[in-house]
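Each chain is listed here by its residues.
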Amino acid sequence: MDTKAMKIKVAKLSWLVANPYAIVASSILTIFLACAAFSSWLAPYPKEGAGAPNVAHTLIGPSRLHLLGTDELGRDLLSRIIFGARPALLTSLTVVGTAALVGTLLGLIAGFRGGLIDAAVMRLSELFLSFPPLLLSLVAVSLLGPGLRNALIALIVSWWPWYARLIRNESRSIKSQPFVEIAQAMGVSSWKIMTRHLLRNITSSLIVQIAADLGTVILAAGSLAFIGLGAQPPSSDWGLMVAQGRTVIFDQWWISTFAGLAIFIVVLAFNLLGDELRDYLDPRKRAK
Amino acid sequence: MIRLLWKRLTSASLVLLAASFFTFILARIVPSDPALAYVGPKSTAADEVRIRTMLGLDQPIPVQYFKYLKDVISGNWGYSLSTKQPVLHEIANRLPPTIELIAVAVGFAIIFGLIFGMLAARFPHSVGAALIRVLSIAGISVPAFWLGLLLQLLFVGRLGWFPATGEFDLDIKFTNPIHHITGFPLFDAAITGNWVAVTSGLQHIVLPALTLAAYSFGLIARMSRANLLEVFSQDYIKVARAYGVSERVVLFKLALKNAIPPVITVTGLSTAYLITGTFFVEQVYNWPGIGGFAANALISVDYPAIMGITLLGAAGYLTINFIVDLILTKIDPRIEA
């Protein structure tokens, strides 16, 4: 048992080592996680990172004292960006986690039961997917009122259908395989079949989808904040910082540039890792 | 063909009906009172009652919905709260510049995406292929609003190569006015031979179109590379190569034909993304299109405009999907209508 687990671990490690993209991506994500977890220790000016203004130092360019410069309230931008990691991560985890949970549950039930429930879930998700991506979220958050909480709700609302459809389609194809039919014939309970046989065989597709979505949600939440519908001041949201630096972009270029760079790099890392995971978990490609 | 059209029309009208219901419900749960928003802060109670009756807000909800539906079908999409103009009128005026922007962006995305995808598939183990891979993932990871600002900073602020905002230079209106023929300003300028306006328009459209194109470029490059690699590994390509058929013929005549359908699907999908992409890009570049109008409507909770835009977005999405299906059935005889 132990040696088997060890072997799997070694295999995973060797995959990581052989994959420069995966190494770069996971290093970036490790830094991102560290920033989110230990913001006040890592930030050079933790008080300013948390939002305290420092009017004596407004709009100073990048220098040795302030590596990335300061914003219009004199706050150290590097500290602000480090403090932005936590809201970005929490937003992304909340949205993807809830959407995946709701979508997986509905998808599993729809795929396993079929019939009326299946039709209902599929038509409902089709309705949500008949709008251009992000449009529903934008409309919902506008009508509910701007702010982080409503942005989260709005993003979940337009994200769950993807999971419901993915899980439903996969569980349908697995359900028709002999081992599930045998389990059913032997009287294994529906719940056990769904969690043991269906869900376990879908896990890899689910992981790939989640890895890719974690980045995409950060991008979407940043977009909402940028046009003023997401997180509100004095939040250290990266998209909001890009918007705040926009009015002074030609003179104090560093605010928008570095805040947006943070979004870009983190999303890029998630997408790179998602891509590598897809290749790794795809049995067709692994065989080669 | 006609069967496909009919099938699509019926499902499209169902989706639009559902979309109208959806937007209507959303607009009813607005916490802020639309009547109050309409009359503004300096109104009397009598004004408020008058407006409430005028907007039909004193009727029961189902009655309001059917009235709304009747109005939508008969072309009365309500009045924008912020501009006080008919929503449909605003949409008609602002849609053409947006469609021009999307068209140029999709053009950029297809050209660069296909070229890069083909190069990466042709030389799969080169440094260039690795770079193209990172570049295509960067394309789908970059925030459009930030890319827009960066391009402005670099090409407008530092280098001064392109104008910052708008669709034309402001003096064009006086020196070389564009004659209204189709309503598409850049297109109209081109067919009337108004080259001063065309030049100005092209200079203005490059940066926003590039910004908007980044996402589609990433998807198209990725998809065309992956598909070409798969096609290259098939026997008929191996045979052709063994017979000494030139690489050019292999790529353009044999491989591309089979690699292209998924690329078209992904192009359509990414074009749908561009619809919401314009909300951000048009705001950054002050483009006189529907995207900037939509962004403002969303921020100011201009609910008649929001409802109109939601319907328009759903209709646009359906249209793009329909066009993609049409192209696919035309070029791939295996797909049946």
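Residues numbered from 1 in each chain as written. Chains lettered and ligands numbered in written order. Predicted model: local features only at pLDDT ≥ 70, side-chain atom pairs only at ≥ 80, totals over all residues. Heavy atoms only, no water.

Trainee: Where do I start with helix α8 (residues 148-175) of chain A in this structure?
Mentor: Quick reminder: α-helices carry 3.6 residues per turn. Residues three or four places apart thus point the same way. Its 28 residues give α8(A) an end-to-end C-alpha distance of 40 Å, which sits within 8% of 40 Å, the value for a rise of 1.5 Å per residue. Taken as a whole, α8(A) carries its principal kink of about 30° at A:W159; the proline A:P161 stands between one and four residues after it. (Helix = DSSP H or I, 4+ residues; strand = E, 2+ residues; numbered from the N terminus. Expected span 1.5 Å × (residues − 1). Bend = angle between axes of the 7 residues up to and from the residue.)

Trainee: Could you clarify how one ought to interpret the packing of aromatic side chains in this entry?
Mentor: Each pair of aromatic rings is reported with the distance of its centres and the angle of its planes. Going through the model one piece at a time under the given rule, you end up with 17 aromatic pairs over all chains. Ring centres of B:F21 and B:Y65 lie 5.3 Å apart, and the angle between their planes is 85°; this geometry places the pair in the edge-to-face category. Remark: B:Y65 occurs in helix α4 (residues 61-73) and B:F21 occurs in helix α1 (residues 2-28); sequence separation between them is 44 residues. Members of the aromatic cluster, joined through ring pairs, are B:F21, B:F24, B:Y65, B:F66 and B:Y68. A:K175 extends its terminal NZ or CZ atom over the ring of A:F112, reaching a point 5.7 Å from the ring centre. Over the face of the ring belonging to B:F232 we find B:R241, whose NZ or CZ atom lies 4.7 Å from the ring centre. (Phe/Tyr/Trp six-rings, centres within 6.5 Å; stacked < 30°, edge-to-face > 60°. Lys NZ or Arg CZ within 6 Å of the ring centre and 35° of its normal.)

Trainee: Is there a simple way to think about the side chain of B:S224 in this case?
Mentor: Residues and elements named next belong to chain B. Here S224 shows up in helix α10 (residues 195-232). Of the polar contacts made by the side chain of S224, one reaches the backbone oxygen of I220; its length is 2.7 Å. Not counting chain neighbours up to four residues away, the residues in contact with S224 comprise G113, L114, G117 and V263. (Polar contact = N/O pair within 3.5 Å; in protein donor to acceptor, adjacent residues only side chain to side chain. Contact = heavy atoms within 4.5 Å.)

Trainee: Honestly, helix α12 (residues 247-285) of chain B in this entry has me stumped. Any pointers?
Mentor: With 39 residues, α12(B) extends only 43 Å from end C-alpha to end C-alpha; this falls clearly short of the ideal 57 Å at 1.5 Å per step. Backbone geometry just downstream of α12(B) places B:N286 in the positive-phi region, at approximately 50°.

Trainee: Quick question: what am I supposed to make of the interface of chain B and chain A here?
Mentor: Reports of interface size often rely on the accessible area that becomes lost once the parts have come together. Each side of the interface is counted separately: chain B has 47 residues, and chain A has 42 residues. Summing both partners gives a buried area of about 4,200 Å² for chain B against chain A, and 76% of it is carried by carbon and sulfur. Of all residues in chain B, B:R133, B:F145 and B:W146 give up the largest surface area on contact with chain A, accounting jointly for 15% of the area buried on that side. Viewed at the interface, chain A and chain B are joined by three salt bridges. Across the pair B:R133 and A:E276 runs a salt bridge, and its minimum N-O distance is 2.9 Å. Across the contact surface, chain B and chain A share nine residue pairs in polar contact (both at pLDDT 80 or more). For the side of chain B that touches chain A, the elements supplying multiple residues, two or more each, are α1, α6 (127-141), α7 (144-158), α12, α13 (290-299) and α14 (303-331) of chain B. Ranked by residue count, the leading element in the side of chain B that touches chain A is α7(B), at nine residues. Its residues assigned to classes, the side of chain B that touches chain A comprises 37 nonpolar, seven polar and three charged. (Buried area = accessible area lost by both parts, 1.4 Å probe. Salt bridge = Lys/Arg side-chain N within 4 Å of Asp/Glu carboxyl O. Nonpolar A, V, L, I, M, F, W, Y, C, P; charged D, E, K, R; others polar.)

Trainee: Can you help me understand the environment of B:K257 in this one?
Mentor: All names here are of chain B. Structurally, K257 can be placed in helix α12. Overall, K257 belongs to the exposed group, its relative accessible area being 63%. Each C-alpha atom of the pair K257 and V231 lies 9.7 Å from the other, and the pair is 26 residues apart in sequence. (Buried < 20%, exposed > 50% of the residue type's maximum accessible area, 1.4 Å probe, protein only.)

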